[in-house]
Amino acid sequence: MVYFVGAGTGAIDMITIRGMRLIEECDVLIYAGSLVNPELLHYAKKDPDIYDSALMTLPEIIEIIERAEGVGKNTVRLHTGDPGLYSAMAEQMRELDKRGIEYEVCPGVTACFSAAASLKLEYTLPGVSQTLIITRLEGRTEVPPMEKIEDLSRHQASMAVYLSAGMMGELADRLISGGYRPDTPAAIVYKASWPDEKKIVCSLEQLEQKALENNIKKTAVVLVGDAIGKNNFSDSKLYSPDFFTEYRMGKNE
């Protein structure tokens, strides 16, 4: 069996209990060495065969998994954050499907939620934004034509932008041209939950300057939207004294 496991964002206790137990029990461990905290490997109790996928190609990864399956070994494929986002998991699963190899997925904490926790913010503030857009600026990997950053900016929703820290100037310009105000609250969170985490709150027009000042060129998520400012939002109806729910009667004055 193959287990795709989300390692979380960096801190070794950010991984789920299920993910930790899968590492403890695995025979083969393939981890994304360029991003995953290597201290997570210390959870392994069986002394598995360990491979760094940063040095490997897709065929090489699949070959290792096939070899493990052939002798009845379990493999953990350890991805950073949550494997459901920007992990290239789908192409690996497609190859496993071709070979009739079974697999499961264990979720993890992705960067935008670890960043929100670090900044103590909520993306979905009543009267401000009820939507979170998770996206990226195209680089060597293109985005579909209808997902250009300018088009997504029209919604004025909370936005988390991955894999774009090396293009801060272009990102800010395109977000503004798409509809965000230059003074829209923004944040850069570098290596969320790692010991050397950096978190910078600024305006959208200051993104490039702040990234340059802090020498941030990669491994950061960019947050944009009025919810980042934590101002001018209404209380939710959920805990309002006069709001009826399935569990609580409203209290009329």
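As a starting point, this report considers the structure included with it.

Phi is positive for Y86, which is not a glycine, with a value near 50°. With respect to the helices and strands, the residue Y86 is situated in the loop between β4 (75–79) and α3 (89–99). Judged by relative accessible area, Y86 falls into the partly exposed class, the value being 39%. Backbone geometry places A88, a non-glycine residue, at a positive phi of 60°. Topologically, A88 is positioned in the loop between β4 and α3.

The next point concerns the state of the cysteines. Per the counting criterion, the structure on display carries zero disulfides. With no disulfide partner, C112 has as its closest neighbouring cysteine sulfur the one in C202, 17 Å distant. Residue classification places C202 among the buried residues on the basis of a relative accessible area of 8%.

All right, on to the pairing of β4 then. Counting buried residues along β4, five of its five residues qualify, which places the element largely inside the surrounding structure. One ladder, built from four bridges, connects strand β2 (residues 28–31) with β4; its direction is parallel. Bridge pairing in β4 places Y31 opposite L78.

Turning our eyes to something else, we now look at helix α1 (residues 17–25). The complete set of buried residues in α1 reads G19, L22, I23 and E24. Among the structural elements, β1 (2–6), β2, β4 and β5 (103–106) are those in contact with the buried residues of α1.

Let us now look at the packing of helix α2 (residues 58–70) against α3. Describing two packed helices takes the angle between their axes plus the distance from one axis to the other. Where α2 meets α3, the closest approach of the two axes is 11 Å, and the angle between their N-to-C directions is 45°. Judged by the angle between their axes, α2 and α3 are oblique. α3 is crossed by α2, and the crossing has right-handed handedness. Across the interface between the two elements, L58, I61, I62, I65 and E66 of α2 pack against E91, Q92, E95, L96 and R99 of α3.

This model, assessed by the stated rule, comprises 14 salt bridges. Across the salt bridge formed by R181 and D226, the nearest N and O atoms sit 2.9 Å from each other. In this pair, R181 sits in the loop between α6 (168–178) and β8 (185–190) while D226 sits in the segment after β10 (220–224), placing the two residues 45 residues apart along the sequence. For D226, a relative accessible area of 32% translates into the label partly exposed. Residue K210 pairs with E213 through a salt bridge whose shortest N-O separation is 3.8 Å. Of this pair, K210 and E213 are both found in helix α7 (residues 207–213), three residues apart, which corresponds to roughly one turn of the helix. Look at K210 and you get partly exposed, because its relative accessible area is 22%. One connected set of salt bridges, linked through shared partners, spans E138, K148, E150, E170 and R174.

What follows concerns the packing of aromatic side chains. The full count for this structure, using the stated rule, is three aromatic pairs. When the ring of F4 is compared with that of Y103, the centres are 5.9 Å apart and the planes differ by 90°; the resulting orientation is edge-to-face. With F4 in strand β1 and Y103 in strand β5, the pair connects residues that are 99 residues apart, well separated along the chain. Between the aromatic rings of Y86 and Y162, the centroid separation amounts to 5.4 Å while the plane-to-plane angle is 45°, which identifies the pairing as tilted.

Our focus in this paragraph is the sheet that holds β10. Strand order across the open sheet formed by five strands is β6-β7-β10-β8-β9, with mixed pairing between neighbours. Each edge of the open sheet carries a strand with a single partner, namely β6 (132–136) and β9 (198–203). Geometrically, the sheet is characterised by an average inter-axis angle of 20° between neighbouring strands, direction not taken into account. When β6 meets strand β7 (residues 158–162), the two strands line up parallel, connected through five bridges. Paired with L132 across the bridge in β7 is S158. Sheet strands touched by helix α4 (residues 111–119): β6, β7, β8, β9 and β10. Its angle to β10, the strand with the most contacts, is close to 70°. The strands that α6 touches are β7, β8 and β10; relative to β10, the one it contacts most, it runs at about 20°.

Conventions and cut-offs
- Residues numbered from 1 in each chain as written.
- Predicted model: local features only at pLDDT ≥ 70, side-chain atom pairs only at ≥ 80, totals over all residues.
- Heavy atoms only, no water.
- Helix = DSSP H or I, 4+ residues; strand = E, 2+ residues; numbered from the N terminus.
- Buried < 20%, exposed > 50% of the residue type's maximum accessible area, 1.4 Å probe, protein only.
- Disulfide = S-S within 2.5 Å.
- Pairing = 2+ DSSP bridges.
- Contact = heavy atoms within 4.5 Å.
- Axes fitted to C-alpha atoms, helices over the stretch in contact; angles between N-to-C directions.
- Parallel < 35°, antiparallel > 145°, perpendicular 65-115°, else oblique.
- Left-handed = near helix turned anticlockwise from the far one by under 90°.
- Salt bridge = Lys/Arg side-chain N within 4 Å of Asp/Glu carboxyl O.
- Phe/Tyr/Trp six-rings, centres within 6.5 Å; stacked < 30°, edge-to-face > 60°.

So yeah, pure geometry; function would need other evidence.
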